[in-house]
Amino acid sequence: MQFPGTCRVAARAVLVLAIVLCAPLSPAAESPPAGPRPELVIPRVDRPPTLEDFLEMKPNREVDGRLAKVTNFIQREPSDGAPASQRTEVYLGYDNKNLYIIFVAFDAEPEKVRARLVPREGFGGDDFVQVILDTFHDQRRAYAFHANPFGIQRDALFTEGGGRGGCRGQFDFSFDTLWHSKGKLTDQGYVVWMAIPFKSLRFPARPQQTWGIFVYRNIPRINEQSFWPHCSSRIEGRLNQAATLRGLENISPARNIQFIPYGAFRSFRTLDTRDPDRPFFVRDRADPDAGLDAKFVFKDSLVLDVTANPDFNQVESDQPQITTNQRFEVFFPEKRPFFLENANFFQTPINLLFTRRIADPQFGVRLTGKTGPYAIGALLMDDQSPGKSVSVGDPLHGKRALFAIARVSRDIFQQSNLGAIYTSREFEGSYNRVGGADSRLRLNNHWVALFQGVRSWTRELDGSRLNGTAFDAGVRRSGRQFSYSLEYNDRSPDFRTASGFLRRPDVRRIGQNLGYSFRPEGKRLISWGPGLFFERVYDHEGTRLDWGLSPSFQWEFIGQSNFRIFYNAARERLRPQDFSGLTQNRDFSLPGYGFTFSSSYFSRVSVSGFAGTGKGINFAPPAGREPFLANTRDATFTLTLRPLTPLRIDNSYLFSRLRDRDTGASIFNNNILRSRWNWQFSRELSVRFILQYDATLANPDLTALETTKNINADILITYLVNPWTALFVGYNGNAQNLDVVPTATGARIVRPRRRFINDAKQFFVKFSYLLRF
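The rules behind the values
Residues numbered from 1 in each chain as written. Predicted model: local features only at pLDDT ≥ 70, side-chain atom pairs only at ≥ 80, totals over all residues. Heavy atoms only, no water. Helix = DSSP H or I, 4+ residues; strand = E, 2+ residues; numbered from the N terminus. Rg over C-alpha atoms; globule rule 2.2 N^0.38 Å. Buried < 20%, exposed > 50% of the residue type's maximum accessible area, 1.4 Å probe, protein only. Contact = heavy atoms within 4.5 Å. Lys, Arg positive; Asp, Glu negative; His and termini not counted. Charge placed at Lys NZ, Arg CZ, Asp CG, Glu CD. Core = buried A, V, L, I, M, F, W, Y, C linked by side-chain atoms within 4.5 Å. Polar contact = N/O pair within 3.5 Å; in protein donor to acceptor, adjacent residues only side chain to side chain. Phe/Tyr/Trp six-rings, centres within 6.5 Å; stacked < 30°, edge-to-face > 60°. Lys NZ or Arg CZ within 6 Å of the ring centre and 35° of its normal. Pairing = 2+ DSSP bridges. Axes fitted to C-alpha atoms, helices over the stretch in contact; angles between N-to-C directions. Salt bridge = Lys/Arg side-chain N within 4 Å of Asp/Glu carboxyl O. 1 Å grid on protein atoms, 1.4 Å probe; cavity = no way out; pocket = protein on both sides within 12 Å on 5 of 7 lines; lining within 4 Å. Points joined across faces, edges and corners; volume = space filled by probe spheres on them. Nonpolar A, V, L, I, M, F, W, Y, C, P; charged D, E, K, R; others polar. Patch = residues over 30% accessible without salt bridge, like charges linked within 9 Å, V, L, I, M, F, W, Y side chains within 5 Å. Areas by Shrake-Rupley, 256 points an atom, 1.4 Å probe, with all protein chains shown as cover. pLDDT = per-residue confidence, 0-100.

Asker: Explain the overall build of the protein to me, please; I cannot follow it from the model alone.
Answerer: Regarding its fold elements, the protein presents four helices and 42 strands. Radius of gyration (C-alpha) of the protein: 28 Å, near the 28 Å computed for a compact globule of 773 residues. Referenced to the eigenvectors of the C-alpha coordinate spread, the extents of the protein come out at roughly 85 × 70 × 50 Å. Taking all 773 residues of the protein together, the buried fraction comes to 51%. Restricting the contact set of the protein to residue pairs at least 6 apart, pairs at least 24 apart contribute 60%. Of the charged side chains in the protein, 100 are positive and 79 negative; the average position of the first set lies 2 Å away from that of the second.

Laid out in structure tokens, this is it:
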């Protein structure tokens, strides 16, 4: 079958790509810097350096001349290639157990250094320093260790091309390891001391090590990012620009085994609605629990993680999102530590592992790591949620699903790789299995290409079967001024992924995104320029489903300040198979416009927001009506306050409204308010309080939505020695506009407009402890 619309779009895309490839660009703006990468040789030390050795902003007599020294940082932002505006000196050495890095960060205006006492990994908006270590020297993955001027830690794994698109480097901040840091403000800037145990790193087992290294400094008030050696934004990739680190000899992480047992106690009350005809309250005044996480390291490079009865009570609730009147599933990112750690080993262009599908695990095993040119990831885990989500009389009650994931990737050349993935979910005779291959190819200093093709085999609980395919292909160009991407996505009608995230099957999509940035890099305005996004979506019978064109214009200012305006011209077609009330295809025109902004110009205040207005579709019409066009208005606003060094207040407000075009009557208003307060008494002790209100006010004459109101309060006291040794004490309470009304056969739930009931509450205590051998 021919798809003339798709072919025309493909031809246009090829034409645009040809123009992009042939278009001349400013050599000064886009050409990469020349020259070999520098080498750094670090010495072994007899005495570990300390923070106190550098508090005079220079090494004292005991360590002077005994450490390697790095200086002459070069900017990446805002002026790529220019010398850093503030002097930074870095001193490095090692002994049998640790790698030592000391940053001496001078500042001409030390009173303007941004530093707060915050929880571990919570220093967004602060000045900070960083070291990046490519321990396998393969230019694919690296460890990143950050610290703010108080020595507050943040660690990550950096993966070249690790973004979902496969083309941009990505920091995975879910990674945690044990290391040590201290920091202190001085009258000339600040000093940060780091000690990184070799036991916390993975590297080849050889007498002499060769690593890649970057050292980095961030000064947010002037948008400055500076590196040694120079890491240019004109070149695709980062780790290919790192310096070569030598001098590490006869080091080993030695034996590395970790056990993290935990004990927990909770008391809770919740409304059980699994049987809508017999809702009832469940109470448990004493619910003790225990579990164990374990980690085993093999050959200094492979990590086996085992978890038994994991507990996630301390995990913070999701950031609010508008879920009202959404046609497709809304994506909520994973927040549970076990699933976040080393998640980048399983990433592919098509999202085939969305771990929130594993809602309630009881046991799990994960193997990740690298051996030679191969990166390996494997996961086996159960999920009790399918058996818990049905009533006691259901045949599926008490049953569990089993997930199995395997992923392997092989390095080939120039930060390029070939990979394969297999995923499986099995449940009571039903299954979903997906397998396929993928590739990322770095073509030159600017261009990257990617591809993935997979096939799915599905058997439903009723015995029916579905087989389908999915493909992604694309190219992207990154540069200092000009960026461009072209991508093609294909999901067959019967493609399914039970372990991944699939918005909808039966689509063929072509999308393009391009932008150009003029860079005056002045005292206030750093850059400005236009952008353009275009896409067309068809089904597999050639019917055009969606069409979109969105020009935009944006400005970047100092103080991490941005402003963007945009216009959307779009069309969306609904088919009878999409909505049962439709008798024929309906095509809607959806114009709209709006703006976004963000700023951290003032050290104690950060703001960001979005506002848009236009036309939208009412996807939840009342009974007897088809989806219809309406006027829409959406807005989001966030305000972060840091009035005191230990206090951070994050506030957010989300608003979405749909109005009838003819009468102006409200169809629904959705308002979400959230306030999060954190007081940090010390680096270990903190108190966090969250209050959130979510209300949807619905007009029953114009929508099938119900009026819902929800209030949630959450308080957590944390004493965190390290990511695994911690004490948590928390309370969570929830109230909704619900009422349980008795009936002849049991009870039913109604939603009064004003009455609230406390439908869930919980108190818990959890303690975990790291045992490391």
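Structure shown, so let's carry the discussion forward.
Asker: What am I meant to see in unusual backbone geometry here?
Answerer: Backbone geometry follows two general trends: most residues other than glycine have a negative phi, and most peptide bonds adopt the trans configuration. With an omega dihedral of 0°, the bond running from Glu77 to Pro78 counts as a cis peptide bond. Pro229 follows Trp228 through a cis peptide bond whose omega is -10°. Relative to the elements of secondary structure, Pro229 occurs in the loop between strand 13 (224-228) and strand 14 (243-246). The backbone of Met57 sits at a positive phi, close to 65°, despite the residue not being glycine. Looking at the element boundaries, Met57 is found in the loop between strand 1 (39-41) and strand 2 (68-70).

Asker: Explain the nonpolar core here, please?
Answerer: A general tendency of soluble globular proteins is for nonpolar side chains to be buried together. Core analysis: the largest hydrophobic core is formed by 38 residues, its most contacted members being Val131, Met194 and Trp211. Contributions of two or more residues to this core are made by strand 2, strand 4 (88-94), strand 5 (98-106), strand 6 (128-134), strand 7 (141-147), strand 11 (189-197), strand 12 (211-219) and strand 14. Ile132, Ala142, Ala144 and Tyr216 belong to the second-largest nonpolar core, a separate cluster that totals 15 residues.

Asker: Quick question: what am I supposed to make of the side chain of Gln452 here?
Answerer: Relative to the assigned elements, Gln452 resides in strand 23 (residues 447-459). The exposure class of Gln452 is buried, given its relative accessible area of 0%. There is a polar contact of 3.3 Å between the side chain of Gln452 and the side chain of Thr348. Those residues within four positions of Gln452 in sequence are excluded, and the remaining contacts are Thr348, Pro349, Ile350, Leu352, Ile421, Ala437, Asp438, Ala470, Phe471 and Asp472.

Asker: Help me understand the packing of aromatic side chains, please; the structure alone is not making it clear to me.
Answerer: The geometry of an aromatic ring pair comes down to the distance between the two centres and the angle between the two planes. Summed over the entire model, instances satisfying the criterion amount to 35 aromatic pairs. A centroid spacing of 4.8 Å and a plane angle of 55° characterise the contact between Phe158 and Phe171, whose relative ring orientation is tilted. Here Phe158 is found in strand 8 (residues 153-159), whereas its partner Phe171 is found in strand 9 (residues 170-172), with 13 residues between them in sequence. Take Phe158: its relative accessible area is 2%, and that puts it in the buried class. Taken together, a centroid distance of 4.9 Å and an interplanar angle of 35° make the contact between Phe331 and Phe354 tilted. Residue Phe331 is located in the loop between strand 17 (302-308) and helix 3 (337-340), and its partner Phe354 is located in the loop between helix 3 and strand 18 (363-371); the two are separated by 23 residues in the primary sequence. Members of the aromatic cluster, connected to one another through ring pairs, are Tyr516, Phe518, Trp528, Phe553, Trp555, Phe563, Phe595, Phe597 and Phe637. Here the guanidinium or amino end of Arg266 rests over the ring plane of Phe268, the centre of that ring lying 4.1 Å away. For the cation-ring pair, Arg433 lies above Tyr431, with the distance from its terminal atom to the ring centre recorded as 3.9 Å.

Asker: Please clarify how the sheet that holds strand 10 (residues 180-186) should be interpreted in this entry.
Answerer: Either a parallel or an antiparallel arrangement is found when strands of a sheet pair, and the pairing is made through backbone hydrogen bonds. An order of 2-4-5-11-10 is seen for the five strands of this open sheet, with the pairing classed as antiparallel. At either end of the open sheet lies a strand with only one pairing partner, and these are strand 2 and strand 10. Strand-to-strand, the axes of this sheet are offset by a mean angle of 15°, without reference to chain direction. Alignment of strand 2 against strand 4, held across three bridges, turns out to be antiparallel. Paired with Lys69 across the strands is Tyr91, a residue of strand 4.

Asker: Help me out: how do you make sense of the pattern of salt bridges in this one?
Answerer: This model, assessed by the stated rule, comprises 49 salt bridges. With a closest N to O distance of 2.8 Å, Arg221 and Asp107 form a salt bridge. Taken together, the positions of Arg221 in the loop between strand 12 and strand 13 and Asp107 in the loop between strand 5 and strand 6 put the pair 114 residues apart, joining distant regions of the chain. Both residues of the pair, Arg221 and Asp107, count as buried. Its salt-bridge partner being Asp650, residue Arg676 comes within 3.9 Å of it at the nearest N-O pair. Taken together, the positions of Arg676 in strand 35 (residues 666-680) and Asp650 in strand 34 (residues 647-660) put the pair 26 residues apart, joining distant regions of the chain. Using a relative accessible area of 17% as the deciding quantity, one classes Asp650 as buried.

Asker: Sorry if this is basic, but what is going on with the pairing of strand 26 (residues 507-516) here?
Answerer: Look at any regular strand and the pattern is simple: side chains alternate between the two faces of the sheet. With respect to burial, strand 26 is a largely interior element, seven of its 10 residues being buried. Looking at chain direction, strand 25 (residues 482-491) and strand 26 are connected through 10 bridges and run antiparallel. By the bridge assignment for strand 26, Arg491 is matched with Val507. In this sheet, strand 27 (residues 525-538) lies alongside strand 26 in antiparallel orientation, the contact comprising eight bridges. Each bridged residue has a counterpart across the sheet, and for Ile510 the counterpart in strand 27 is Arg536.

Asker: Any chance you could explain the layout of surface pockets here in plain terms?
Answerer: Once rolled over the atoms, a probe with the size of a water molecule shows which space is left empty. For the second largest pocket, the calculated volume is near 460 Å³. Within the lining of the second largest pocket, the residues separate by chemical class into six nonpolar, three polar and eight charged.

Asker: It is not clear to me how the environment of Arg440 should be interpreted in this structure. Could you clarify?
Answerer: One can find Arg440 in strand 22 (residues 430-442). Classification of Arg440 by relative accessible area gives buried; the value is 5%. A polar contact of 3.2 Å, which involves the side chain of Arg440, links it to the side chain of Glu236.

Asker: It is not clear to me how a nonpolar patch on the surface should be interpreted in this structure. Could you clarify?
Answerer: Together, Leu644, Trp679, Phe681, Leu685, Ile717, Tyr719, Val721, Leu727, Phe767, Tyr769, Leu771 and Phe773 give the surface a local cluster of nonpolar side chains, amounting to about 1100 Å² of exposed area. Assignment of secondary structure puts Tyr769 in the loop between strand 41 (757-768) and strand 42 (771-772).

Asker: Help me understand the pairing of strand 27 in this model?
Answerer: When strand 27 meets strand 28 (residues 544-557), the two strands line up antiparallel, connected through 13 bridges. Residue Ser527 lies in a different strand from strand 28, and its bridge partner there is Glu556. Linking two consecutive strands that pair antiparallel, namely strand 27 and strand 28, is a turn of five residues; a positive phi of about 90° is found at Gly542 within it.

Asker: Please clarify how the environment of Asp272 should be interpreted in this entry.
Answerer: Among the structural elements, Asp272 can be located in strand 15 (residues 257-272). Note: C-alpha distance between Asp272 and Asp759 (487 residues apart in sequence) is 9.1 Å.

Asker: Where do I start with the environment of Arg659 in this structure?
Answerer: The topology assignment puts Arg659 in strand 34. In sequence terms Arg659 and Arg524 are 135 residues apart; their C-alpha atoms lie 40 Å from each other. Beyond its immediate sequence surroundings of up to four residues, Arg659 is in contact with Ala630, Asn631, Gly664, Ala665, Ser666 and Ile667. From its side chain, Arg659 meets the backbone oxygen of Gly664 in a polar contact 2.8 Å long.

Asker: Honestly, the confidence of the model for the protein in this entry has me stumped. Any pointers?
Answerer: Predicted confidence across the protein gives a mean pLDDT of 88, with 91% of residues reaching 70 or more. Confidence over residues 1-7 falls short of pLDDT 50; this stretch has 10 contacts with residues more than four positions distant or in other chains. Throughout residues 9-29 the model reports pLDDT below 50, and contacts reaching past four residues in sequence, or to other chains, amount to 30 contacts.

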